[in-house]
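The residues making up each chain are set out below.
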Amino acid sequence: MGLGAGLAILIGYALFNVVVDPTGEFGQSGRHAFNRSPPPGVIAQGVAGGNPAFFTRAIREHQGDTFLIGSSRAWRGFNTCSRPDILRVAGSAWGVREMTRVERAILNSRTAPATMLIEVGLPTRERPAIVDPAQAALSTALSPRTTLQSAQTVVHSLNGAEAYPATYAPCEALAPGARDWIQAERSLRYTLSQLDTSPASLAMGRRNLAGLADLADNICRRTGLRHRLVFFTLPATPADAPVNGHDRLVQANAARIAAMFAGRPSTVGGCDIRYLNFASTPLGNEAEQALWRDREQWTDYFHFSARLGETALNALLSASP
């Protein structure tokens, strides 16, 4: 009797988190009056968490047709506040695994052709997932933190809060603040020391990228919608970065990615897919190209400023009418 009661309580506990879905893990976020308006604290935790599932609601409700996807470089370098037709979906250290989940969410939720602008840096072999998707979903459903967020969401929603706060998917770029180039160099060297840039790892990264394109083609054929995907690579660092070898590595790999996409056969009913390589030659006119080489136009050795992001976004949009 006691075991059955305990099991019923546990199931009810999990169902409560699934239905309220403050993290977006189960696709229920925002579908009901009681979970329409998560409070700012829940939103902030979702953004900081870096889980692409958090953005599925913003993707579903986005009224525009353009999505900007990438890692922290896209999050910090592109300011989309003045472009309501563009939704920026990005997270720190995102790789092909996270981008695959975002791509599925976008293309499976559209009823008209969409444009996806996807930044490709240096794709490598994906690190093993900490848990598989089923385990992650179970952990989320049973998490005390999720329960707290669910309760906060229900209270905030039912207390007459404004529906769908504008801060749910923040558009603002990160303020550059004071640049500490000594710390930026330490961060750069540490991050590069964690990357597997062996030929085998880079080759696997390119195959994973090709798989992302193949997945999109399959969805286009299944739905009959010809979505547009623009993969692109931007300069890796400013000109005076202390590890120029990284720039050369990114440029060489970008050339291989370009060759891969150039040799990729078009498929009947597939998407419109292209790759734009700006790794060696920055975007814009001569003056704008010079800005990409200027360290003062970067917030650190990895992240470009919103000014450069604006230049890049204009060029990308003109290449994907």
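Right above here is the structure, for reference.
I will try to describe carefully the structure that is included in this document. (Residues numbered from 1 in each chain as written. Predicted model: local features only at pLDDT ≥ 70, side-chain atom pairs only at ≥ 80, totals over all residues. Heavy atoms only, no water.)

1. What about the overall build of the protein?
We apply this condition: Numbering goes from the N terminus for both helices and strands, where a helix is a DSSP run of H or I of at least four residues and a strand is a run of E of at least two. C-alpha atoms define the radius of gyration in this analysis, and the globule rule sets the expected value at 2.2 Å times the number of residues to the power 0.38. Between buried and exposed lies partly exposed: a residue is buried under 20% and exposed over 50% of the maximum accessible area for its type, with that area taken using a 1.4 Å probe on protein chains only. For this analysis, residues touch if any pair of their heavy atoms sits within 4.5 Å.
Scanning the protein for helices and strands turns up 12 helices and five strands. Against the compact-globule benchmark of 20 Å for 321 residues, the protein has a radius of gyration of 21 Å, which places it among compact chains. If one aligns the C-alpha atoms of the protein with their principal axes, the spans along those axes are about 70 × 50 × 40 Å. Each of the 321 residues in the protein was classed as buried or not, and the buried ones make up 48%. Sequence separation of at least 24 residues holds for 78% of the intrachain contacts in the protein that already meet a minimum separation of 6.

2. A short note on the sheet that holds strand 3 (residues 115–119)
Here is the rule: Any two strands are treated as partners once DSSP identifies two or more bridges connecting them. Helix axes are fitted to C-alpha atoms over the stretch in contact, other axes to C-alpha atoms as well, and angles between N-to-C directions run from 0 to 180 degrees.
One open sheet holds the five strands; their spatial order is 2-1-3-4-5, and the pairing between them is parallel. Of all the strands in the sheet, just strand 2 (86–90) and strand 5 (272–277) have a single pairing partner and so form its edges. Ignoring which end each strand starts from, the neighbouring axes of this sheet average 15° apart.

3. A short note on the packing of helix 11 (residues 286–293) against helix 12 (residues 306–319)
Test applied: Working rule for angles: under 35 degrees goes down as roughly parallel, over 145 as roughly antiparallel, 65 to 115 as roughly perpendicular, anything else as oblique. Take the far helix as your reference; a near helix turned counterclockwise from it by less than a right angle gives a left-handed crossing, and one turned clockwise gives a right-handed crossing. Following the grouping adopted for this structure description, the nonpolar residues are Ala, Val, Leu, Ile, Met, Phe, Trp, Tyr, Cys and Pro, the charged ones are Asp, Glu, Lys and Arg, and the polar ones are all others, Gly among them.
The geometry of helix 11 relative to helix 12 is characterised by a closest axis approach of 10 Å and an angle of 135° between their N-to-C directions. Taken as axis vectors, helix 11 and helix 12 run oblique relative to one another. The hand of the helix 11/helix 12 crossing is left-handed. Here Glu288, Leu291 and Trp292 of helix 11 lie close against helix 12, whose contacting residues are Arg307, Leu308, Thr311 and Ala312. Broken down by class, the residue content of the contact of helix 11 with helix 12 amounts to four nonpolar, one polar and two charged.

4. With respect to a nonpolar patch on the surface
Threshold: Patch definition: residues with relative accessible area over 30% and no salt bridge; like charges joined within 9 Å; nonpolar side chains (Val, Leu, Ile, Met, Phe, Trp, Tyr) joined within 5 Å. Per-residue and other accessible areas follow the Shrake-Rupley method at a 1.4 Å probe size, with only the shown protein chains counted as cover for residues. When a carboxyl oxygen of Asp or Glu is within 4 Å of a side-chain nitrogen of Lys or Arg, the pair counts as a salt bridge.
A cluster of nonpolar side chains, namely Leu7, Leu10, Ile11, Leu15, Leu138 and Leu142, defines an oily patch on the protein surface of about 540 Å² accessible area. Mapped onto the nonpolar patch, the elements with two or more residues apiece are helix 1 (2–20) and helix 6 (133–142). Within the secondary structure, leucine 10 is located in helix 1. Among the residues examined, leucine 10 registers a relative accessible area of 42% and is labelled partly exposed.

5. Remarks on the pairing of strand 1 (residues 66–70)
By the criterion of burial, strand 1 is predominantly enclosed, with five of the five residues buried. Both faces of strand 1 are covered, namely the face carrying Thr66, Leu68 and Gly70 and the face carrying Phe67 and Ile69. In the sheet, strand 1 pairs with strand 2 via five bridges, with the strands oriented parallel. Bridge pairing links phenylalanine 67 to leucine 87 in strand 2.

6. Details of helix 7 (residues 144–158)
Convention followed: A helix is expected to reach a length of 1.5 Å times the quantity of its residues less one.
The end-to-end C-alpha distance of helix 7 is 21 Å, a good match for the 21 Å that 15 residues give at a rise of 1.5 Å each. Of the residues flanking the end of helix 7, it is glycine 160, one or two places downstream, whose phi is positive at about 85°.

7. With respect to the nonpolar core
Applicable threshold: Among buried residues, the Ala, Val, Leu, Ile, Met, Phe, Trp, Tyr and Cys ones that are joined through side-chain atoms within 4.5 Å form a nonpolar core.
Within the largest apolar cluster, 68 residues are counted, with the highest numbers of intra-cluster contacts made by Phe78, Ile106, Phe231 and Leu234. Per-element tally for this core: the top contributor is helix 9 (residues 199–223), with eight residues.

8. Topic: the packing of helix 5 (residues 96–107) against helix 9
Between helix 5 and helix 9, whose axes approach to 10 Å, the crossing angle comes to 10°. The pairing of helix 5 with helix 9 is recorded here as roughly parallel in orientation. For the pair helix 5 and helix 9, contact is made by Val96, Met99, Thr100, Glu103, Arg104 and Leu107 and by Asn208, Leu209, Leu212, Leu215, Ala216 and Ile219, respectively. Of the residues that constitute the contact of helix 5 with helix 9, the class distribution is eight nonpolar, two polar and two charged.

9. Here's the deal with the packing of aromatic side chains
Stated precisely, the cut-off is as follows: A pair of Phe, Tyr and Trp rings is counted when the ring centres sit within 6.5 Å of each other, with Trp represented by its six-membered ring. The angle between the planes then sorts it: under 30 degrees is stacked, over 60 is edge-to-face, the rest tilted.
Per the stated rule, a full pass over the model turns up 10 aromatic pairs. Measuring from ring centre to ring centre gives 6.1 Å for phenylalanine 55 and tryptophan 75, while their planes differ by 65°; the resulting arrangement is edge-to-face. One end of the pair, phenylalanine 55, is in the loop between helix 2 (40–49) and helix 3 (56–61); the other, tryptophan 75, is in helix 4 (residues 72–77), and 20 residues separate them in sequence. Taking relative accessible area as the criterion, phenylalanine 55 reaches 1% and is therefore assigned buried. Take tryptophan 75: its relative accessible area is 19%, and that puts it in the buried class. Ring centres 5.6 Å apart and planes at 15° place the aromatic pair phenylalanine 261 and tyrosine 275 in the stacked group.

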